[in-house]
Amino acid sequence: MNIETVNKYAKRSLSAYNKIGPLRRYYRKKVYKISEQYADFDLEDKEICTSADYVNTEPWPFSDPNFCPWLEDDNPKHYTLFPDPAGFVNGYATSYVSFKFYQTTGKWLQKTPISEEMGQLAKEFEVKSQHKFDARNWRSLLTMNGYINRVAKPEPGHRYIGINPHFGEFGLVVWYEDDAQLVANSSIVTTKYNRDFKAIAVLNEDYIWIKID
């Protein structure tokens, strides 16, 4: 399987290129099935995003810098944004971190509360944003899913999602791996920004840190 073939499938799943709903769903599921198969495969022959000493562990083709290379348009009539299995737009921080969450917990993030109690608590953390599940609203989203353990900073041996609600227009979410570096008041994290996989140092005080495991 090569990236050109997968891109053809992904394109046929989008309303800008295919007006037939059942066929769009068929091709979207086909891409997801391919990503499930490649999650455990040797990827030496695939192009994978890297940054410093960090490797993007999203399943191929989501980890391929050449996946879905076309211009983006979120107009419903000619929509060109490909979603991951959790419904987040491929190539951005929310999608990257949703994959990391799945790889760690074996569960996809749910966009409805797991209980009435979590639903009520999540409302306390909602912030005004263009879309309900933008990165700036992830404290509410994680609360919906039962993840409410906030800490001041990451600690080695555990995994965390960091949320910066004030970053840019939509906020930013990052992932702290259990063996990542801590440098003074900063943490080394991974994320995606404008479709680029990055390992960066962030100030702990700029982020809301939620422990995942």
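Conventions used here
- Residues numbered from 1 in each chain as written.
- Predicted model: local features only at pLDDT ≥ 70, side-chain atom pairs only at ≥ 80, totals over all residues.
- Heavy atoms only, no water.
- Helix = DSSP H or I, 4+ residues; strand = E, 2+ residues; numbered from the N terminus.
- Contact = heavy atoms within 4.5 Å.
- Phe/Tyr/Trp six-rings, centres within 6.5 Å; stacked < 30°, edge-to-face > 60°.
- Buried < 20%, exposed > 50% of the residue type's maximum accessible area, 1.4 Å probe, protein only.
- Lys NZ or Arg CZ within 6 Å of the ring centre and 35° of its normal.

Caption draft 1: Summary view of the side chain of S98. Turning to its location among the elements, S98 is positioned in helix α3 (residues 93-105). Apart from the residues within four sequence positions on either side, S98 is in contact with D84, A86, F88, W108, L109 and W138.

Caption draft 2: Spotlight on the packing of aromatic side chains. Applying the stated criterion to the full structure yields 17 aromatic pairs. Between Y32 and F82 the ring centres are 5.9 Å apart and the planes differ by 65 degrees, which places this aromatic pair in the edge-to-face class. Of the two residues, Y32 is situated in helix α2 (residues 21-38) and F82 in the loop between β2 (54-55) and α3; the sequence distance between them amounts to 50 residues. Note on accessibility: Y32 and F82 belong to one class, buried. Residues Y207 and W209 carry aromatic rings whose centres are separated by 5.6 Å and whose planes lie at 35 degrees to one another, so their mutual orientation is tilted. W209 carries the same exposure label as Y207, and that label is buried. Ring-pair connections join several aromatic residues into one group, and the members of that group are Y32, F62, F67, F82, F99, Y102 and W108. The positively charged end of K30 is found above the aromatic ring belonging to Y9, 5.1 Å away from the centroid. The ring of F125 is capped by R139, whose NZ or CZ atom sits 3.9 Å from the centre of that ring.

Caption draft 3: Molecular detail of unusual backbone geometry. Note that the residue after W60, namely P61, is joined by a cis bond; omega there is 15 degrees. Among the structural elements, P61 can be located in the loop between β2 and α3. One non-glycine residue, C68, adopts positive backbone phi at about 50 degrees. Inspection of the secondary structure puts C68 in the loop between β2 and α3. Residue class for C68 comes out buried when judged on its relative accessible area of 3%.

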